[in-house]
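So you can see what is in the structure, the chains are spelled out below.
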Amino acid sequence: MQKIEFKIDEDSPVSVYCQLKDQLISEMRSGVLRDSLKLPPVRELSALAHVSLGTMHRVISKLVEEGFCIQKPRIGVYINRKTLSGTRRKILILKHIHPITDHYFDQCFQFAREDLYRDFLIQTRSCFYEQYGNGLRILPPGELDEIRREQPDCLLVALPHISRKEVLELAELPFPVIFLGDFHFGELRDPRISQIREDTGQRAENFVRIAFAMGFRDLVFVGGNEVAYYTTFLRNAGEQTARELGCRFRFLHFDRSRVPAGESLSKFYDILLQNLASDILAGGMPDAIFFDGSERAEKAVALFEHAGYHLGKDYSIFSGALESCTTVLIRRNTDAFAGTAAEFIRNATVSGKASFGLQTIRNAITSKVISCKEFKPILSGGKKG
């Protein structure tokens, strides 16, 4: 094999490491590395390019990240012929048909971002709840066999209400399977199961800190399914932050135990909302309420107005998505989370293995107040009157 001749243009606006990366890709496709299975050692490449080891390590890491190479610890870096030949690795996503969960996964994981999933083919299949036999299942009969026949390079499961039995069935498939988001059966500590989720407690902590900075001292956080384990994280984080800052914090949720067995939750949403409003008023109207992903905030405002409390005058509603009835709108930046999650997904897809267990991605989601009509003076340093 001939030696690679790197050419670096010092006057080019393209960074040195990007020039080196593009030249290596060119050599793998049609140059001296065309028939190779393995890249030369990093030390040899850095000497040929007359760059530091750190720069060349960055080049190789990017080639691995983008799927052009496969890193094998203690063995070396191998050329990924499948990517170079134009055959894209297939990632199949199972998603629940629901506007709220669809929005959550699109926002957090950003599968449409080309820079995160370049050279990967992403397909989505929608699922919904059905009654099969004696239980409620997500996957219809024969779905597992169909997925097994398709043989994707990686399967992503974004089904919040999937059962334990279905999780274990999916985990047995002969390719990487990664579960996304929070689930309602609690944490399954099983070496076969890999899961990526955000640090949900961060939402409650951000709310308390933002509200406190704006002068509010009596706070209510509405969110979380009472049977979901992530509810504990929300509540604990909110209460701990409130204790640190010295303000009052109440955590409330829609009490689904009041829905008769076998009945649809949606049929009783208005009743549950009335009960929730009563619970809030029973403890005294707070300065601020945070609705975590609830599409019923507008109706809550109507209930409070009927009770004699007016939005923007007696209390404020914080929201991460609803603009129509909020006085404080919080936008979440999930770019860092999406990037970290994509790294796990890409690595599993390329290596053919997903065995990292439960990954809680912390400090990767930031919140920012971008709309505040009644309380703009507070944002600029004023105090709540």
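Note: the structure precedes this text.
In short, a report on the structure. Bear in mind the structure is a predicted one, so any value in this text is a computation, not a measurement.

1. Section: the nonpolar core
Residues Phe109, Leu156, Ile178, Leu180, Ile196 and Phe337 are the most contacted members of the largest nonpolar core, which totals 28 residues. Of all the elements in the fold, those that place two or more residues in this core are strand S3 (89-96), helix H5 (99-109), strand S7 (154-158), strand S8 (177-180) and helix H12 (335-351). The dominant element in this core, judged by the number of residues it contributes, is H12, at seven residues. In contact with Leu180, not counting residues within four places along its chain, are Phe105, Phe109, Phe111, Leu156, Val157, Ala158 and Ile196.

2. A look at empty space enclosed by the protein
Summed over the entire model, instances satisfying the criterion amount to one cavity of 30 Å³ or more. Put simply, the largest cavity is a space of about 40 Å³. In terms of lining, the largest cavity is formed by Glu65, Glu66, Asp115, Leu116, Tyr117, Arg118 and Arg346. Here the lining of the largest cavity is built from residues that sort into two nonpolar, no polar and five charged.

3. A word on the packing of aromatic side chains
On inspection of all chains with the given rule, the structure shows 12 aromatic pairs. Look at Phe111 and Tyr117: their rings are 5.7 Å apart centre to centre, the planes differ by 45 degrees, and that puts the pair in the tilted class. Neither Phe111 nor Tyr117 differs from the other in exposure class; each is buried. Measuring from centroid to centroid gives 5.1 Å for Phe207 and Phe290, while their planes differ by 40 degrees, and the two rings are tilted. Of this pair, Phe207 sits in helix H8 (residues 201-213) while Phe290 sits in strand S12 (residues 288-291), and the two are 83 residues apart along the sequence. The buried category is assigned to Phe207, whose relative accessible area is 1%. Residue class for Phe290 comes out buried when judged on its relative accessible area of 6%. Following the ring pairs from residue to residue traces out a cluster consisting of Phe207, Phe216, Phe221, Phe249, Phe251, Phe290 and Phe318. Just above the ring of Tyr17 sits the side chain of Arg58; from NZ or CZ to the centre is 3.8 Å.

4. Topic: helix H3 (residues 53-65)
End to end, H3 covers 18 Å across 13 residues, agreeing with the expected 18 Å (1.5 Å per residue, within 8%). Met56, Val59, Ile60, Leu63 and Val64 are the residues of H3 that are buried. In a view along the axis of H3, the buried residues occupy a sector of 135 degrees, so they form one face of it. For H3, the secondary structure elements touched by its buried residues are helix H1 (16-30), helix H2 (42-49), strand S1 (69-72) and strand S2 (76-79). Of the residues flanking the end of H3, it is Gly67, one or two places downstream, whose phi is positive at about 90 degrees.

5. Concerning the sheet that holds S3
The strand order across the open sheet formed by six strands is S4-S3-S7-S8-S9-S15, and the pairing between neighbours is parallel. In this open sheet, the two strands that pair with only one neighbour each are strand S4 (120-127) and strand S15 (358-361). Pairs of neighbouring strands in the sheet enclose a mean axial angle of 20 degrees, with direction left out of account. Pairing geometry for strand S9 (residues 194-198) and S15, over four bridges, is parallel. The partner of Gln195 across the bridge, within S15, is Leu358.

6. Section: the side chain of Thr200
Tracing the chain through its elements places Thr200 in the loop between S9 and H8. Those residues in contact with Thr200 that sit more than four places away from it in its chain are Asp182, Tyr230, Phe233 and Leu234.

7. Some thoughts on the pattern of salt bridges
Opposite charge on two side chains permits them to pair, given that their charged atoms come into close proximity. Enumeration according to the criterion identifies 21 salt bridges in this entry. One salt bridge in this structure joins Asp153 and Arg89, with 3.9 Å as the shortest N-O distance. One end of the pair, Asp153, is in the loop between helix H6 (143-150) and S7; the other, Arg89, is in strand S3, with 64 residues separating them in the sequence. Take Asp153: its relative accessible area is 18%, and that puts it in the buried class. The salt bridge involving Asp145 is made with Arg148; its shortest N-O contact spans 3.0 Å. On the criterion of helical spacing, the pair formed by Asp145 and Arg148 is a turn pair, its members being three residues apart in helix H6. On the accessibility criterion, Asp145 (41% relative accessible area) is partly exposed.

8. Digging into the side chain of Gln23
Examined against the element boundaries, Gln23 turns out to sit in helix H1. Judged by its relative accessible area of 19%, Gln23 is buried. Leaving out residues up to four positions away in the same chain, Gln23 has contacts with Glu5, Phe6, Lys7 and Ile8.

9. Structural notes on the packing of helix H10 (residues 269-282) against helix H11 (residues 297-306)
Their axes nearest at 10 Å, the elements H10 and H11 cross at an angle of 50 degrees. The pairing of H10 with H11 is recorded here as oblique in orientation. Regarding H10 and H11, the two cross each other, and that crossing is right-handed. Facing H10, whose interface residues are Asp270, Leu273, Gln274, Ala277, Ile280 and Leu281, H11 presents Lys299, Ala300, Leu303 and Phe304. When the residues that make up the contact of H10 with H11 are grouped by side-chain class, the tally is seven nonpolar, one polar and two charged.

10. Brief notes about the pairing of S9
Most of S9 is tucked away: five of the five residues are buried. Here S9 shows no split at all, with Ser194, Ile196 and Glu198 on one side and Gln195 and Arg197 on the other all buried. With three bridges joining them, S8 and S9 adopt parallel strand pairing. The residue of S9 that forms the bridge with Phe179 is Gln195.

About the thresholds
Residues numbered from 1 in each chain as written. Predicted model: local features only at pLDDT ≥ 70, side-chain atom pairs only at ≥ 80, totals over all residues. Heavy atoms only, no water. Core = buried A, V, L, I, M, F, W, Y, C linked by side-chain atoms within 4.5 Å. Buried < 20%, exposed > 50% of the residue type's maximum accessible area, 1.4 Å probe, protein only. Helix = DSSP H or I, 4+ residues; strand = E, 2+ residues; numbered from the N terminus. Contact = heavy atoms within 4.5 Å. 1 Å grid on protein atoms, 1.4 Å probe; cavity = no way out; pocket = protein on both sides within 12 Å on 5 of 7 lines; lining within 4 Å. Points joined across faces, edges and corners; volume = space filled by probe spheres on them. Nonpolar A, V, L, I, M, F, W, Y, C, P; charged D, E, K, R; others polar. Phe/Tyr/Trp six-rings, centres within 6.5 Å; stacked < 30°, edge-to-face > 60°. Lys NZ or Arg CZ within 6 Å of the ring centre and 35° of its normal. Expected span 1.5 Å × (residues − 1). Arc of directions from axis to C-beta. Pairing = 2+ DSSP bridges. Axes fitted to C-alpha atoms, helices over the stretch in contact; angles between N-to-C directions. Salt bridge = Lys/Arg side-chain N within 4 Å of Asp/Glu carboxyl O. Parallel < 35°, antiparallel > 145°, perpendicular 65-115°, else oblique. Left-handed = near helix turned anticlockwise from the far one by under 90°.

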